[in-house]
Amino acid sequence: MYESEFEKNLYQQRRDKLLQIAALGQANGLTYAEATYPNSYAATHTIPELRAAYDSLTAEQLEAAPTPINVSIAGRIMAIRVQGKAGFAQLQQGGQRFQIYVRKDDVGEDAFSLYKLLDLGDHIGVRGHLFRTRTGELTVHVEKVGDRPAITFLAKAMLALPDKYHGLEDTELRYRQRYVDLFMNTGAIKVVAPPPPAAPTEAAEAETVKPASDPEPAESETPNVREVFVKRATVLRAIRAFFDRRGYLEVETPMMHQVAGGAAAQPFTTHHNALDLDLFLRIAPELYLKRLVVGGLDRVYEINRNFRNEGISTRHNPEFTMLEFYQAYANYHDLMKLSEELIIFVAKHVNGTCITHFNGHEIDLGKWTKLSMREAIIKFWPEKAAPPPTLLDFTEVSLFTQTVGRLFTFYNEMEAISSAPRHEKYLKGEPEEPLTDEESKWLVGDASLKRIGFDVTSGKLSLGAGIAWLFELLAESHLIQPTIIYDFPLAVSPLSKKKPDEPDWVERFEFYIGGFEVGNAFSELNDPVDQLARFEQQMTEKERGDSEAHQMDEDYVRALGYGLPPTAGEGIGIDRLTMILTNSKSIRDVILFPLLRPQTRQAETGEGKHGESAE
């Protein structure tokens, strides 16, 4: 439990303080439980409600009120000071802070003794009236209200908060201890330099007037981690409102599947003991949602948790949240328009504007571009590898491999390339040091241009899959502004409907924002014979070693036999969309508890990472 000997000793010190607090409470007729961890506290306002109600009142208006404005609030202590017979503290609740002023003459000897036993992180409730200090800070002047105590102890923080002058800065520690991250990094003001120690004076000892000023020195804003997750919740509410207004029905489908399907991904496996049955955690709800469309639920959506046994990166977490929706009697063109409307609606609902900032870019979510996959490769073809390919070069293996070979020659026999920032300078011919081995790794895999050309020629990689690889290599990182990429190769789209005039291509699109995919949609395949053949092809790919290939789902093929109307469906990554709307660089910043490697226990010597500053 303890990360260091220092933390163990501190825990015991706070345990001793808790016993003293219990003794004070018992002396006033409370039981041990009531004095240390009471079940509730009757507050008149939350801190956000108090600010909303009274922040606009001036000091003169407060003083002119016929009777004092008595309030009662509760919160976590984020700053506290005692100087002589008075002290200030900051309580935090709902991501906002409120100052309190405690004076021995107003609260009584027992309550002031309790105040002096408090630590950063403790939860208390206070009663009193509102006033403004001479610096203008709205404050609760703590005092008894009727027969109710001025200060009520609610819970002890047995572990020290991070140093308030630095906050919780260690990124991995923030992810592991999100419960600390949430209340430390709320965007509330905090001290940027420790205040100088102040010696007690006779005036302080005998203070009987309101304080002239607040005790805290210069302040600055901290990162608002809490706001990210508040916005994430707002994203979900906005999505539901958008689809509910359009007649969609929110549904829930199984998270444990007997057949892993609905996406190209390696599943997690589990076992049901009572049925002695191996199961897969859901990689996508797609096949169940389309069963519902067969059943007559023409417009359905699900905000779902998916699990994919894949690597972890700034854009990938093995457990993630997606929106999937399906609309009968529609095709992928209908969903292109709907996707634009959805993102605009959500952005305005969450941020009040279509303008967002992500990774140093200003992005206008109200302006969209459409390119076919082949057009995108041509558009972002490196100038120095001219001439760019034509649409004809994507029709035959020999022409495609010549195109890849021309690009490979340009890269000067490099085994692989990177989409790192320095890659941009290299393509433009600007002076730059040679790419390092790490930079030369292809971010979408270890395959090189030479390997793509070889694998396509030898049949290990289909022409369509090679085109998709080339698109990810050349175009994806350029798609910062909202861009729809449409018409995908059949080889990488086993559930999509073929284009009537181009049977090797399907009616599928993905939309990109910030340089990565956010949504994936297509006109659904509804021919059971074609679907069965594609499942069989996927099984062949699995036998050849593709761990992400689809499994055969005979019941889904049977469902199609009853007739799936023309249908379009789409999946949108909630985590990635939240990243864009909150300017979060990593997917871990928008997931409350991301998956992490097991933590190596700290040595039992020396001080831990938490270091509460002197108050």
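Residues numbered from 1 in each chain as written. Predicted model: local features only at pLDDT ≥ 70, side-chain atom pairs only at ≥ 80, totals over all residues. Heavy atoms only, no water.

A. Quick peek at the pattern of salt bridges. Taken as a whole, this structure holds 27 salt bridges when the rule is applied. Between Arg-176 and Glu-172 there is a salt bridge, and its shortest N-O distance comes to 2.6 Å. Highlighted residues: Arg-176 and Glu-172, both in helix α7 (residues 171-176), separated by 4 residues, approximately one helical turn. Taking the shortest distance from any N to any O, the salt bridge between Lys-337 and Glu-341 comes out at 2.5 Å. (Salt bridge = Lys/Arg side-chain N within 4 Å of Asp/Glu carboxyl O. Helix = DSSP H or I, 4+ residues; strand = E, 2+ residues; numbered from the N terminus.)

B. Unusual backbone geometry, seen in detail. Backbone geometry at Asp-487 places phi at a positive 65 degrees, although glycine is not the residue there. For Asp-487, the location among the structural elements is in strand β18 (residues 483-489). A positive phi angle, close to 55 degrees, is found at Asn-583, a residue other than glycine. Here Asn-583 shows up in the segment after α20 (574-582). Residue classification places Asn-583 among the partly exposed residues on the basis of a relative accessible area of 40%. (Buried < 20%, exposed > 50% of the residue type's maximum accessible area, 1.4 Å probe, protein only.)

C. Spatial organisation of the nonpolar core. In this structure, Ile-239, Phe-243, Leu-323, Phe-325, Val-346, Phe-511 and Ile-513 are the most contacted members of the largest nonpolar core, which totals 46 residues. Those elements that provide at least two residues to this core are α10 (225-245), β13 (299-307), β14 (319-328), α12 (332-351), β20 (502-513), β21 (516-523), β22 (567-573) and α20. In contact with Ile-513, not counting residues within four places along its chain, are Ile-343, Ile-363, Leu-365, Trp-368, Leu-479, Ile-480, Pro-482, Val-518 and Ile-580. Counting 38 residues, the second largest nonpolar core, distinct from the first, contains Ile-47, Tyr-54, Val-126 and Val-180. (Core = buried A, V, L, I, M, F, W, Y, C linked by side-chain atoms within 4.5 Å. Contact = heavy atoms within 4.5 Å.)

D. Local environment of the layout of surface pockets. Its boundaries defined by the atoms lining it, the second largest pocket holds a volume of some 570 Å³. What lines the second largest pocket is a set of 24 residues, among which Leu-30, Leu-114, Pro-149, Ile-151 and Thr-152 lie closest to the centre. Taken together, the elements giving at least two residues each to the lining of the second largest pocket come down to α1 (5-27), α2 (32-36), α6 (109-116) and β6 (151-155). Of the residues assigned to the lining of the second largest pocket, the class counts are 13 nonpolar, 5 polar and 6 charged. (1 Å grid on protein atoms, 1.4 Å probe; cavity = no way out; pocket = protein on both sides within 12 Å on 5 of 7 lines; lining within 4 Å. Points joined across faces, edges and corners; volume = space filled by probe spheres on them. Nonpolar A, V, L, I, M, F, W, Y, C, P; charged D, E, K, R; others polar.)

E. Seen up close, the packing of α10 against α12. Close contact between α10 and α12 brings their axes to 9 Å; oriented N to C, the two are set at 135 degrees. If you check the angle between α10 and α12, you find them oblique. For the crossing formed where α10 meets α12, the hand is right-handed. In this structure, α10 uses Lys-231, Thr-234, Val-235, Ala-238, Ile-239, Ala-241, Phe-242, Phe-243 and Arg-245 to contact α12, whose residues at the interface are Leu-338, Glu-341, Leu-342, Phe-345, Val-346, His-349, Val-350 and Asn-351. (Axes fitted to C-alpha atoms, helices over the stretch in contact; angles between N-to-C directions. Parallel < 35°, antiparallel > 145°, perpendicular 65-115°, else oblique. Left-handed = near helix turned anticlockwise from the far one by under 90°.)

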